[in-house]
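Coordinate inspection notes
Residue-level listing of the chains:
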Amino acid sequence: MQNLQAAERYSRALLELAFERRQDAAVEEALVSLSAALKAAPEIEKFLSNPHVPPAERSRIVAKLFKGREAGETLTSFVELLFRNGRFGILHDVAAVYKRISDEAQGQATVTIRSAAPISSEDERRIVSNVERIGGFKAEVKKEVDPALIGGVVVRFNNKVLDGSVKNRISLIKKELTQKRTA
């Protein structure tokens, strides 16, 4: 929990700086790309996280990663700050939180629709329309297929979960029956 609070603080500070410099979209794109690249290459993340690697070496590598990017200098300074404060380990959380709060500031949100089987474009459009109306934002949709849901859908957005899955309904019925049996 403490890491998420720190990620929230770092993300908000970075977003404020990025807005001032009119680099918010470029920072988001580069930060999310860096997080994805480090997840895909854990050996590089391990190397950069190693406190025994000289700070100058880590800074040189990060500067190379962002060289030529619109927000390269801003992100290089930010990652160096994470290194100095021993917080490089929260980079993935910072990227996720930054994207969320940046989207919120722009009236957008990522909506994840998880279903037991692929949903039709008509069902997707109906779900997205309802979520946009409820949330008051423009939705960016991610779809996932999870056969464990048995049927129905689970919709996530802005730290909210709408669970209309058969798996959840079975769980609720089971819980209700268990409570009645003990009463």
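The following paragraphs examine the structure supplied in this document.

How each quantity is defined
Residues numbered from 1 in each chain as written. Predicted model: local features only at pLDDT ≥ 70, side-chain atom pairs only at ≥ 80, totals over all residues. Heavy atoms only, no water. Axes fitted to C-alpha atoms, helices over the stretch in contact; angles between N-to-C directions. Helix = DSSP H or I, 4+ residues; strand = E, 2+ residues; numbered from the N terminus. Left-handed = near helix turned anticlockwise from the far one by under 90°. Contact = heavy atoms within 4.5 Å. Pairing = 2+ DSSP bridges. Phe/Tyr/Trp six-rings, centres within 6.5 Å; stacked < 30°, edge-to-face > 60°. Buried < 20%, exposed > 50% of the residue type's maximum accessible area, 1.4 Å probe, protein only. Lys NZ or Arg CZ within 6 Å of the ring centre and 35° of its normal. Core = buried A, V, L, I, M, F, W, Y, C linked by side-chain atoms within 4.5 Å.

1. Some remarks on the packing of helix α2 (residues 24–40) against helix α6 (residues 91–105)
Here α2 crosses α6 at 150 degrees, and the two axes come no closer than 9 Å. The chirality of how α2 crosses α6 is left-handed. Counted together, Asp24, Val27, Glu28, Leu31, Val32, Leu34, Ser35, Leu38 and Lys39 of α2 and Leu91, His92, Val94, Ala95, Tyr98, Lys99, Ser102 and Asp103 of α6 form the full contact between these two elements.

2. Digging into the sheet that holds strand β1 (residues 108–115)
As summarised here, the arrangement of the four strands in space is β2-β1-β3-β4, forming an open sheet in which the pairing is mixed. Of all strands in the sheet, those bounded by a partner on one side alone are β2 (138–145) and β4 (160–163). Averaged over all adjacent pairs, the angle separating strand axes in this sheet is 20 degrees, with direction ignored. Strand contacts of α6: β1 and β2, with the helix running at about 120 degrees to β1, the strand carrying the most contacts.

3. Considerations on the packing of aromatic side chains
Following the criterion strictly, the structure yields three aromatic pairs and no others. Pairing phenylalanine 83 with phenylalanine 88 gives two aromatic rings, centres 4.9 Å apart and planes at 35 degrees, and the pair type is tilted. Each member of the pair, phenylalanine 83 as well as phenylalanine 88, carries the same accessibility label: buried. Where phenylalanine 137 meets phenylalanine 157, the ring centres are 5.8 Å apart and the plane angle is 50 degrees; that geometry is what we call tilted. Residue phenylalanine 137 is found in the loop between α7 (121–135) and β2, and its partner phenylalanine 157 is found in strand β3 (residues 153–157); the two are separated by 20 residues along the sequence. There is no split in this pair, since phenylalanine 137 and phenylalanine 157 are both buried. The ring of phenylalanine 83 has arginine 58 lying over it, and the distance from NZ or CZ to the ring centre is 4.5 Å.

4. Observations concerning the environment of arginine 69
Structurally, the position occupied by arginine 69 is in the loop between α4 (55–66) and α5 (72–84). With relative accessibility at 34%, the residue arginine 69 sits in the partly exposed group. In this structure the C-alpha to C-alpha distance between arginine 69 and valine 53, which are 16 residues apart in sequence, comes to 25 Å.

5. What about the pairing of β3?
Bridge analysis of β1 against β3 gives four bridges, and the strand direction is antiparallel. Among the inter-strand pairings, isoleucine 113 is bridged to a residue of β3, identified as valine 155. Taken together, the four bridges between β3 and β4 define a ladder with antiparallel strand orientation. When the bridges of β4 are listed, valine 155 appears paired with leucine 162. Turn length for the β3-β4 hairpin, with the two strands adjacent in sequence and antiparallel, is two residues, and the turn residue asparagine 158 shows positive phi of about 45 degrees.

6. Some thoughts on the nonpolar core
Counting residues in each nonpolar core, the largest one holds 30 residues, and the members touching the most others are Leu31, Val79 and Leu91. Of all the elements in the fold, those that place two or more residues in this core are α1 (2–20), α2, α4, α5 and α6. With sequence-adjacent residues up to four places away left out, leucine 91 is seen in contact with Leu31, Leu34, Leu38, Val79 and Leu82. Within the second largest apolar cluster, 10 residues are counted, among which are Val111, Ile113, Ile127 and Ala139.

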